[in-house]
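Given next are the chains, with one letter for each unit.
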Amino acid sequence: MLESSSQTVTLPHELDTVDRVARTTSSTREHSCFRLDQDRAPYAEALEEFAGRGPIQLMVPGHGGTDAGMSTGLSDFIGERALRLDIPMLLDGVDLEDDSPFDEAVALAADAWGARRTWFLTNGASQANRTVALAVRGLGENVLSQRSAHSSFSDGIVLAGLHPSYVLPNVDTRNGIAHGVSPQALETALREAQDRGRPASAVYIVSPSYFGSVADVRALSEIAHSFGAPLIVDGAWGPHFGFHPRLPESPARLGADLVVSSTHKLAGSLTQSAMLHLGDGPFADVLEPLVERAFAMTASTSSSALLMGSLDIARRSLATNEDAIGASILTACRFRELIAADERMSDVGETFTAFDDIVDTDLLRVPIDLSATGLSAHWVRDQLIGGHDIYFEMSTATTLVAVIGAGKTPDVDAVHRALVAVIESEAAEEARAEFSAAEDFPALPTPGRMRLLPREGFFASTEVVPAAEAIGRISADALAAYPPGVPNVLPGEEITSETVAFLDAVSSSPTGYVRGAVDSSLSRYRVIVED
């Protein structure tokens, strides 16, 4: 039984019986039989050993681990070695028996990030968000979430039937950037939720932000715990944290109870691979069985060995290559020096000191303010792609964001030269005239009033209406501007004119789109049929 200031929760002392697959995709740090040697990648090594034997595979997957027959085209595309390593789950010597190489791999991951337990995910951090939403429903129905949470957590709210309330992040209104939540704002929001008679049973915050700002996770965890709630940290953009002294610490070591980690983003694993870490805090015993059961519902029973092997190797690389990570930091710092020396550009990170929620910066994220050029950053990004084959992570109307993967040292001098060439090109003059004549990009809209719970709104009877007629109606969809995937309207919320204007501007921008929209032009909205 867990006593808290807001509720009393009774949980079973033993796990319900779950599919064995769930066990083969997670492990605890306490395996005494494991020698936690971060130089090894035991699961990846077991895959290589299996493939090296050249077994005859009369099992799935259908390519059989060879380039024979119809698999020739696939082998030409990704290589025969990838086919040999692409084996199914539940094999002796790989992941089937107790204390398998897979168990050792996830125990090593937990140790590396300072977690009590880690789960390997093959459907990205989005799977982690849905998993934690389902898990914390076991603590109660009320969740207090940072409003700028990723849309996959909003999906989890719908799936779990949670009753959300929100704490607003600090916003850089000049660049339209949402940062994080300050300890003071969280404490105020938690107290208001308590006063409304709906005390939060879990708290969800985002750190780092899409632009590299880092929140005070330790203080936020202490405040959440003082209100009897675990702290979930969406650390999707910080999987490299804790592996170099010039980088922020891993949230699991700062008191976070659950940490979403999108390992592929900057830590070097394959796209769509991620991890979920359970912190070793006061809620660990309560959360572990809840996460285990929720994970069994969200995990594939055919998880990709290639994706999970890449997680094992990425963990080893991070844990054993501090110098290489340091070289990446120096590369990012060099890029910042080039930007600082050019009066037409500036580092958005230099403005972070103005926000009380930001206590640190991810040095491997370089957000560049191009306002002084008089050009749309969307246009600049497009020119860099088309004319120089250089791809920045994202753009806003004013800002380009560069992401430098841990251990990577791209030629930032060449990137800066290309950026200058675009800014000084003949085409830029015409683009400046068009950009200056364009209407200002609308500010981030204030969320509309919640008139139904998200799950009720999602499953209600719906109709599709023109955008102009949707204003004042209740949305049936979660609509999120990409990038960065933050929901601007949720099922059950009233659609406002400000939201319609903002999403229309996003859908019209060169690199933006709106997830969940009825059509890409946002000319129509799905709303709830009202009596």
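Here, residues in each chain are numbered from 1, in the same order as that chain's written sequence. Note on the predicted model: pLDDT of at least 70 is required for a residue's local features to be given, and 80 or more for side-chain atom pairs to be given and counted; whole-chain, interface and lining totals, by contrast, use all residues. Side-chain measures here rest on the full set of heavy atoms in the structure, leaving out hydrogens and waters.

- For the protein chain, an unreviewed UniProt entry supplies the name Arginine decarboxylase and the organism Brevibacterium celere.
- UniProt positions are given in the numbering used here, feature names are shortened, and annotations may be inferred rather than shown by experiment. For the record of the protein chain, the UniProt heading Cofactor (unreviewed entry) holds the text "pyridoxal 5'-phosphate".
- Per its UniProt entry, the protein chain bears the Sequence similarities (unreviewed entry) comment "Belongs to the Orn/Lys/Arg decarboxylase class-I family."

## Considering the packing of helix α8 (residues 183–195) against helix α9 (residues 217–226)
- For the pair α8 and α9, the least separation of the axes is 9 Å and the interaxial angle reads 15°. As the angle between them shows, α8 and α9 are arranged roughly parallel. Regarding α8 and α9, the two cross each other, and that crossing is right-handed. Counted together, P183, L186, E187 and L190 of α8 and A219, L220, I223 and A224 of α9 form the full contact between these two elements. Lines are fitted to the C-alpha atoms to define the axes, a helix being fitted only along its stretch in contact, and any angle between axes, read from their N-to-C directions, falls within 0 to 180 degrees. Helix and strand labels come from DSSP, where a helix needs a run of H or I of at least four residues and a strand needs a run of E of at least two; each type is numbered from the N terminus. Convention used here: angles under 35 degrees read as roughly parallel, angles over 145 as roughly antiparallel, angles from 65 to 115 as roughly perpendicular, and any remaining angle as oblique. Here a crossing is taken to be left-handed if its near helix is turned anticlockwise relative to the far helix by less than a right angle, and right-handed if that turn runs clockwise. Two residues qualify as a contact provided that any one of their heavy atoms is within 4.5 Å of a heavy atom in the partner residue.

## Quick notes on the pairing of strand β16 (residues 365–369)
- Burial status follows relative accessibility: with a 1.4 Å probe on protein chains alone, a residue under 20% of its type maximum counts as buried, one over 50% as exposed, and anything between as partly exposed. Most of β16 sits inside the fold, with five of its five residues counted as buried.
- Every second residue of β16 is oriented toward a common face, with R365, P367 and D369 on one face and V366 and I368 on the other, all of them buried.
- A pair of strands counts as paired when DSSP detects no fewer than two bridges linking them. The pairing of strand β14 (residues 346–347) with β16 spans two bridges and is antiparallel. Within the sheet, the bridge partner assigned to D347 lies in β16 and is I368.

## A few points about the pairing of strand β6 (residues 163–167)
- Buried residues dominate β6, accounting for four of its five residues.
- Two elements, strand β5 (residues 142–146) and β6, share five bridges in a ladder whose sense is parallel. Along β6, the bridge assignment pairs L144 with S165.
- Crossovers are described as right-handed under a simple rule: with the strands pointing away from the observer, the path leading from the first strand over the helix to the second runs clockwise. The handedness of the β5 to β6 crossover, carried by helix α7 (residues 151–160), is right-handed.

## Side note on the sheet that holds β16
- Spatially, four strands are ordered β14-β16-β18-β17 in an open sheet, and the strand pairing comes out antiparallel. The sheet terminates laterally at β14 and β17 (394–395), the two strands that pair on one side only.
- Where helix α13 (residues 322–340) meets the sheet, it contacts β14, β16 and β18 (399–403), and its direction lies at approximately 10° from that of β16.
- This element, helix α14 (residues 377–388), spans β17 and β18 of the sheet and lies at about 45° to β18.

## Here we look at the packing of aromatic side chains
- Each pair of aromatic rings taken from Phe, Tyr and Trp, with Trp reduced to its six-membered ring, is defined by centres within 6.5 Å and is described as stacked if the planes are under 30 degrees apart, edge-to-face if over 60, and tilted in the remaining cases. Throughout the structure, instances matching the rule amount to seven aromatic pairs.
- With 5.4 Å between their ring centres and 75° between their planes, F102 and F120 make a pair best called edge-to-face. With a gap of 18 residues between them, F102 in helix α5 (residues 101–113) and F120 in strand β4 (residues 117–121) connect regions that are remote in the sequence. For the residue pair F102 and F120, the accessibility class agrees, reading buried in each case.
- The structure contains a cluster of three or more aromatic residues connected by ring pairs, namely Y43, F102 and F120.
- Sitting over a ring, as applied to charges here, requires NZ of Lys or CZ of Arg to be within 6 Å of the ring centre and within 35 degrees of the ring normal. Sitting over the face of the ring of Y166, R147 holds its NZ or CZ atom 4.9 Å from the ring centroid.
- Between the NZ or CZ atom of K265 and the centre of the ring of W237, over which it lies, the distance is 5.1 Å.

## Digging into helix α15 (residues 412–423)
- By this rule, a helix spans an expected 1.5 Å times one less than how many residues it contains. Helix length check: α15 (12 residues) gives 16 Å between terminal C-alpha atoms against 16 Å at 1.5 Å per residue, within 8%.
- Buried residues of α15: V412, V415, H416, A418, L419, V420, V422 and I423, and no others.

## A short note on the environment of S154
- With respect to the helices and strands, the residue S154 is situated in helix α7.
- Judged by its relative accessible area of 9%, S154 is buried.
- Residues S154 and P454, 300 residues apart in the sequence, show an inter-C-alpha distance of 8.4 Å.

## Observations concerning the confidence of the model for the protein chain
- Per-chain confidence: the protein chain averages 91 in pLDDT, with 92% of residues scoring 70 or above.
- Contacts from residues 1–24, a stretch scored under 50 in pLDDT, to residues over four places away or in other chains number 53 contacts. pLDDT measures the predictor's confidence residue by residue and takes values from 0 up to 100.

## Overview of the domain arrangement of the protein chain
- Domain assignment breaks the protein chain into domain 1 (42–318), domain 2 (324–436) and domain 3 (454–528).
- Here the limits of each domain have been adopted from an automatic or database domain assignment. Taking the mean C-alpha position of each, domain 1 and domain 2 sit 29 Å from one another.
- Taken together, the contact pairs 31 residues of domain 1 with 32 residues of domain 2.
- A combined buried area of about 2,500 Å² lies between domain 1 and domain 2, and 61% of that area is made up of carbon and sulfur atoms.
- Once two parts are put together, the accessible area they lose, assessed with a 1.4 Å probe and summed over both, is termed the buried area. Looking only at domain 1, the three residues that lose the most surface to domain 2 are F211, R246 and L266, adding up to 24% of its buried area.
- Each reported salt bridge corresponds to a side-chain nitrogen of Lys or Arg within 4 Å of a carboxyl oxygen of Asp or Glu. Remark: the boundary between domain 1 and domain 2 carries one salt bridge.
- Whenever a nitrogen or oxygen atom comes within 3.5 Å of another N or O atom, the pair is scored as a polar contact, on the condition that within protein one atom can donate a hydrogen and the other can accept it, and that pairs from neighbouring residues in sequence are kept only if both atoms are in side chains. Put simply, domain 1 and domain 2 have 15 residue pairs in polar contact (both at pLDDT 80 or more) between them.
- Among the elements of the structure, β7 (171–172), β10 (213–215) and α10 (263–266) are those that each provide at least two residues to the side of domain 1 that touches domain 2.
- Sort the elements by how many residues they give to the side of domain 1 that touches domain 2 and β10 lands first, with three residues.

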